[in-house]
Each structure stands twice: as structure tokens, then as C-alpha cells.
Amino acid sequence: MEDSRLTKNVEAFKSGYKDEGELFSKPRMYFPNRSVCVDLLTDIRNLMFPGYFDDDSKAGESSDHLIAERLLHIERVLAGQIANALLFDDADLNPCLARVQAADLSAQFMDELPHVHALLLTDIEALFQGDPAAESRVEVLIAYPGFYATFVYRLAHVLYTLKVPMIPRILTEYAHGRTGIDINPGAQIDEYFFIDHGTGIVIGETTIIGKHVKLYQGVTLGALSTRKGQALRGVKRHPTLGDYVTVYSNASILGGETVIGSGAVISGSAFVCESVPENARVKLKDQEIIVHRPDEPEPTWFYVI
């Protein structure tokens, strides 16, 4: 590149940095390491489901020593990444104080892991019982993207509730890229959660989901409008689903005041932005599919109710 062109482009980037104050005005030494955070997901999965994704033990078996070793490793590494996240979030925070806070937050996270493990076992059961194609619970564990996305969400949600910056979204966005399932770590999802196929599912930050809920591919649990932007931060923007709700593929349920009553079933491609009573059946009416065969003089009409 010619010197004049190089100088011009350097100055252009410097100008861009200057124009965007939040991203570039205060250089920061600390930021959570994405690769380390993703590796922690592998470490936690090996702790919870030993032998299925690693060669350190037989499938489903782990010694007390290996469990303890993994617990200590996860807590130590996570504390380091939380310290980086705290220092990035508050550049004026004392590094020693950040490490103390991070150690406490990491310990609280570790104390929640047995509960998360128990929830994940209910999710495996929900998927196995709900999908006739599942050969076994092991198949659900090792092969179902919906379960993997749920696994990452449940870990990220604990960090979110502990108010750890950055890391929850790093984790869920990694799962989003890997599975096509976008679950905000702020969503509240109860036990026996079922995601089948999963690609294209979106679950917003303030969504509340009850027990034994089933979601199929393409479902959106979103907000009606976000035109007010940051003024909506902390406001309930996403729907609430009661227990035993089923939402079929490509349905959209929108709005913070929208409540889907327990036992309700939402048909595929439905657009719902008002509350639905318990045990209701929501379906499309008079949707037309037009098929015109070349050998027919007039189109043939099929109606989907």
C-alpha cells in the first residue's frame, strides 16, 4: 500500500475511533477471554456428564478425586474471567477488589451447579419422553442441539442473576452460533424444558416460561416494539408462558403483557400478541394455500384451518 494511501486510511480509522466514544474513548486492559469462557462450558459439561465427551473416565462414571479436581479448576478459571469482566465493566475498579469480588461470585456460581445439573436432567427427560425419534436419553445428551442450547442458557442464567457482566452473553451467543437457538440469559425457564429441532428459536430477556413447556423450530418469544430503545431496559417486554404450554413451529408470541395460560397450544405460524386462557387452542383460520397444476385449466384450492 502506498504511503499516502496508508496514511489516509490510518487517519480515517482514528477518526472513526474518536467519533464513537463508548467503544474507544477509554482503552481497557481487561476483557473476558472468549476462548477460555467457551472452554469452561466443556469443563462443566465433563463435570456434569463424565465420560460422554471426554476420555478421562468411563461414560457416566467419575471418581471423587476427578470431581473435586474439576470443581476446583472451574472455580479458579471462572474467577479469573469474572475479574476481567468486572474490570472491563468498571475501569476505575481496584484490581485487588475485583479479584475478591470475582472469587465470591465464582463460589456462588459453583454452589448453584448441583441445582443446574438437576434441572438439566429434567430437560433430558422432557426431550426423551416428548420425542418418539429419541432412541435414548444418552442420544438426547450427545446429539440434541436444543438440549445443548438449554445447557448453556442455564449456566449463563446463573451468571446473569449474579450480575456478572459480559460473560453470560458470550456464552449464550456461542450457543446461538452453534445451534441457531437464541436464548437470552435473562429469560426465566422452569424445569422439564423441551426444544425440538430448535433452529431459529428466539427467547427474549424478560420471557418467563413455566414447567413442561414445548417449543418447536422457528418460535419467537419476543417484544412488540423496541422503538424506545434503552428506555425499555428493565421493563417486561416479552411474554409469559404457563405450565404445559406447547408452541408449534414458526409461531410468534409477543409483548410483555401477553400471558399464555397453562395447557394452551399455539399452532404453527400463529401471531399472538394478546393473552390466551388456560387450555385454549390457538390456530389460524382461513389461511389459503394455492396450488396451480400445469395440466389444470383453473387453480386448485386447498384450505388450511
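Below or above, wherever it landed, is the structure these notes cover. This one's a predicted model, so the numbers in the text were calculated from it and none came from an experiment.

### Observations concerning the pattern of salt bridges
In total, this model carries eight salt bridges according to the counting rule given. Put simply, Glu125 and Arg137 hold a salt bridge, and the shortest N to O gap is 2.7 Å. Of this pair, Glu125 sits in helix α5 (residues 95-130) while Arg137 sits in helix α6 (residues 137-143); the two residues are 12 residues apart in sequence, bridging distant segments of the chain. Of the residues examined, Glu125 reaches a relative accessible area of 23% and is grouped as partly exposed.

### Examining the packing of helix α3 (residues 34-48) against helix α4 (residues 64-89)
The N-to-C vectors of α3 and α4 enclose an angle of 160°; their axes lie 10 Å apart at closest approach. Judged on the interaxial angle alone, α4 and α3 are roughly antiparallel. Between α3 and α4 lies a crossing whose hand is left-handed. Contacts between α3 and α4 involve Val36, Cys37, Leu40, Asp43, Ile44, Asn46 and Leu47 from the first element and Ile67, Arg70, Leu71, His73, Ile74, Val77, Leu78 and Gln81 from the second. Classifying every residue of the contact of α3 with α4 gives 10 nonpolar, three polar and two charged.

### What to know about the packing of aromatic side chains
Counted under the stated rule, the structure contains six aromatic pairs. Measuring from ring centre to ring centre gives 4.9 Å for Phe31 and Phe88, while their planes differ by 90°; the resulting arrangement is edge-to-face. Placement of Phe31 in the loop between α2 (21-24) and α3 and of Phe88 in helix α4 is noted, with a sequence separation of 57 residues between them. The class of Phe31 is partly exposed, set by a relative accessible area of 29%. Residue classification places Phe88 among the partly exposed residues on the basis of a relative accessible area of 23%. Between Phe194 and Tyr216, the ring centres sit 5.7 Å apart and the planes meet at 55°, which makes this aromatic pair tilted. With a gap of 22 residues between them, Phe194 in strand β3 (residues 194-196) and Tyr216 in strand β6 (residues 214-216) connect regions that are remote in the sequence. Each member of the pair, Phe194 as well as Tyr216, is classed as buried. The rings of Phe194, Tyr216 and Tyr248 are connected pair by pair, giving a single aromatic cluster.

How each quantity is defined
Residues numbered from 1 in each chain as written. Predicted model: local features only at pLDDT ≥ 70, side-chain atom pairs only at ≥ 80, totals over all residues. Heavy atoms only, no water. Salt bridge = Lys/Arg side-chain N within 4 Å of Asp/Glu carboxyl O. Helix = DSSP H or I, 4+ residues; strand = E, 2+ residues; numbered from the N terminus. Buried < 20%, exposed > 50% of the residue type's maximum accessible area, 1.4 Å probe, protein only. Axes fitted to C-alpha atoms, helices over the stretch in contact; angles between N-to-C directions. Parallel < 35°, antiparallel > 145°, perpendicular 65-115°, else oblique. Left-handed = near helix turned anticlockwise from the far one by under 90°. Contact = heavy atoms within 4.5 Å. Nonpolar A, V, L, I, M, F, W, Y, C, P; charged D, E, K, R; others polar. Phe/Tyr/Trp six-rings, centres within 6.5 Å; stacked < 30°, edge-to-face > 60°.

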